[in-house]
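So the chains spell out like this:
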Amino acid sequence: MSDNQKMADKAVPVLRFEDFGLAEKILRALNDQGYTSPTPIQQQAIPVVLQGRDVMGAAQTGTGKTAGFSLPVIQVLLPTANTSMSPARHPVRALILTPTRELADQVADNVRNYAHYTGLRSAVVFGGVDMAAQTTALRAGVEILIATPGRLLDHVQQKSVNLSQTSILIMDEADRMLDMGFLPDLQRIINLLPQKRQNLMFSATFSPEIKKLAATILNNPVTIEVARSNATADNVSQAVYQVDEADKSGAVAHIIQSQNLKQVLVFTNTRIGASRLTRLLEKKGIRSTAIHGDKTQPERMAALEAFKQGEIDALVATDVAARGLDIAELPCVINYDLPFTAEDYVHRIGRTGRAGASGDAISLYSAKDERSLADIEKLIKRKLPRTSLTGFDGKKSFSERSVQRQREGGHGMTSSGKRSDRSPYKSVVLERKGKHDPWFDKPYEPSSSSSAEVKEDSKSVEKSPKKKVAALLGGLPKK
DNA sequence: AAAAAAC
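Residues numbered from 1 in each chain as written. Chains lettered and ligands numbered in written order. Predicted model: local features only at pLDDT ≥ 70, side-chain atom pairs only at ≥ 80, totals over all residues. Heavy atoms only, no water.

(A) View of unusual backbone geometry. With phi around 50°, Asn220 is a residue other than glycine that occupies positive phi space. Position of Asn220 relative to the elements: it lies in the loop between helix 10 (208-217) and strand 7 (222-225). When its relative accessible area of 55% is taken as the criterion, Asn220 is described as exposed. The backbone of Lys381 sits at a positive phi, close to 55°, despite the residue not being glycine. When you line up the elements, Lys381 lands in the loop between helix 15 (370-380) and strand 14 (386-390). Since its relative accessible area comes to 31%, Lys381 is described here as partly exposed. (Helix = DSSP H or I, 4+ residues; strand = E, 2+ residues; numbered from the N terminus. Buried < 20%, exposed > 50% of the residue type's maximum accessible area, 1.4 Å probe, protein only.)

(B) Structural context of helix 12 (residues 271-283). The first and last C-alpha atoms of helix 12 sit 19 Å apart over 13 residues, in line with the 18 Å expected at 1.5 Å per residue. Of the positions making up helix 12, those classed as buried are Gly273, Ala274, Ser275, Leu277, Thr278 and Leu281. Where helix 12 is buried, its residues meet helix 11 (248-258), strand 9 (264-267), strand 10 (288-291) and strand 11 (314-317). Where helix 12 starts, the residue carrying a side-chain oxygen 2.9 Å from the main-chain nitrogen of Gly273 turns out to be Thr270. Downstream of helix 12 by a residue or two, Gly285 has a phi angle that is positive, lying close to 85°. (Expected span 1.5 Å × (residues − 1). Contact = heavy atoms within 4.5 Å. Polar contact = N/O pair within 3.5 Å; in protein donor to acceptor, adjacent residues only side chain to side chain.)

(C) Seen up close, the nonpolar core. Of all hydrophobic cores here, the largest spans 42 residues; its most connected members are Leu71 and Ile146. At six residues, helix 4 (residues 65-77) tops the list of elements feeding residues into this core. Apart from the residues within four sequence positions on either side, Ile146 is in contact with Ile96, Thr98, Ala104, Val107, Ala108, Val111, Ser122, Ala123, Val124 and Val125. Within the second largest apolar cluster, 33 residues are counted, among which are Leu138, Ala147, Leu153 and Ile189. (Core = buried A, V, L, I, M, F, W, Y, C linked by side-chain atoms within 4.5 Å.)

(D) View of the packing of aromatic side chains. Per the stated rule, a full pass over the model turns up two aromatic pairs. For the pair Phe17 and Phe20, a centre-to-centre distance of 6.5 Å together with 55° between the ring planes defines the contact as tilted. Their ring planes at 40° and their centres at 5.3 Å tell us that Phe69 and Phe202 sit as a pair that is tilted. A residue pair is termed long-range when its members are at least 10 positions apart, and Phe69 in helix 4 and Phe202 in strand 6 (residues 198-203) qualify at 133 residues. Over the aromatic face of Tyr117 sits the side chain of Arg28, whose NZ or CZ is 4.3 Å from the ring centroid. In this structure, Lys248 packs its charged tip against the face of Tyr336, placed 4.9 Å from the ring centre. (Phe/Tyr/Trp six-rings, centres within 6.5 Å; stacked < 30°, edge-to-face > 60°. Lys NZ or Arg CZ within 6 Å of the ring centre and 35° of its normal.)

(E) Focus on the protein's contact with DNA strand B. Surveying the vicinity of DNA strand B reveals 23 residues, the closest of which are Thr148, Arg151, Met180, Gly293 and Arg300. Of all DNA strand B atoms lying within 4 Å of any protein atom, the proportion belonging to sugar or phosphate reaches 75%. At 2.7 Å from a phosphate oxygen of DNA strand B is found a main-chain nitrogen or oxygen belonging to Arg271. Sorting elements by how many residues they give to the surface near DNA strand B places helix 7 (residues 149-157) first, with four residues. By residue class, the composition of the surface near DNA strand B is five nonpolar, 10 polar and eight charged. (Near = heavy atom within 4 Å. Nonpolar A, V, L, I, M, F, W, Y, C, P; charged D, E, K, R; others polar.)

Given below as structure tokens:
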């Protein structure tokens, strides 16, 4: 349990969903899903959204963010539900925007479940798939629409959707949308909405650009902040293995095979790298599939589904899968490449250890990655003990390696998936580097600059594309 | 640097 969770438990007497005054139709759906008590972000967000206030929320999916905004939105929209008394065609009342197609699909799944008994209709539109089915759904009328920006604008242009009565706008992963250059699209979409509306914006960071966007879009927002839950959570162990660049794919295969891992998400930095690693793993008999932007959307969806169903062992992904994706009980994430930004590291490893489960995050690094690793440690305010990983069939011969030390047994995960020790992988041959105990992630304070503002002065926010973003923000309609 | 996103 995170510190944040503990604090929330102390501050708020145990709440049940019933205590928010949510309709019985919604509570029944929650009960179907097996949800009984709201998470900290839900406790904060639900009353505020029900009041009709704008929200600036800092939280990642997995904290219960999606339900945090969906449930109150559904409650607010109940009077507009499609009953026998009302006309068939309804305008879109709430619009949820997400940066990636998979995330849109996932949010739509959740919304559909929560709204199951309400008569409210939802639809999801994103690119890469046929428009016809989406158009049909839109023309039949939906109250809640989930979309990626580009395809939504496509539908707008084809006049299959009307946003003139969309009085609730939700921007999920807003910082990612800015990163991906969605600002002009956001601007166009917002121009189609009524001036008077409720705005909910969720972002992993409060960068200057996000604050600026919030200032132009949000109206006297309530700020809801749930601490970065996954990166520093006790339930995710973080291991960093030093490996020669040439040995990285062998190392991944070794980790998967020595532990008989059945569900592991492996991140690479490039699409080509993802495909290449997938082939290598397949060659070693590990059932693998790649998911990245060069794949067709049907391929991407099939890959994700096969992974969730346990039909493949390793899903090799670019950062398309880094954010928000909720894969139930995902036990392990491996960074084949360290991500370009420390922020992305947090998002990637946040795919595991969700909903209180334990998880392992393993990162491979080679000599060239020292700087990236230092950036990550600075962001998560924690030292990641470096460990050498040897004893597997790498390109370098076994004998070239320095002294190895076989860790004694009794570590790793128990059959129940609970951690019996901080050591994620008992059969891996390890070598201690440095003085610290490699099994414990000791919190530490970065030596330079104020710890609270680490992100602000990191070079990741100083890039030139951000300047373009700042310039574009000037063009947004003021309230 | 790379990735993501409409056709």
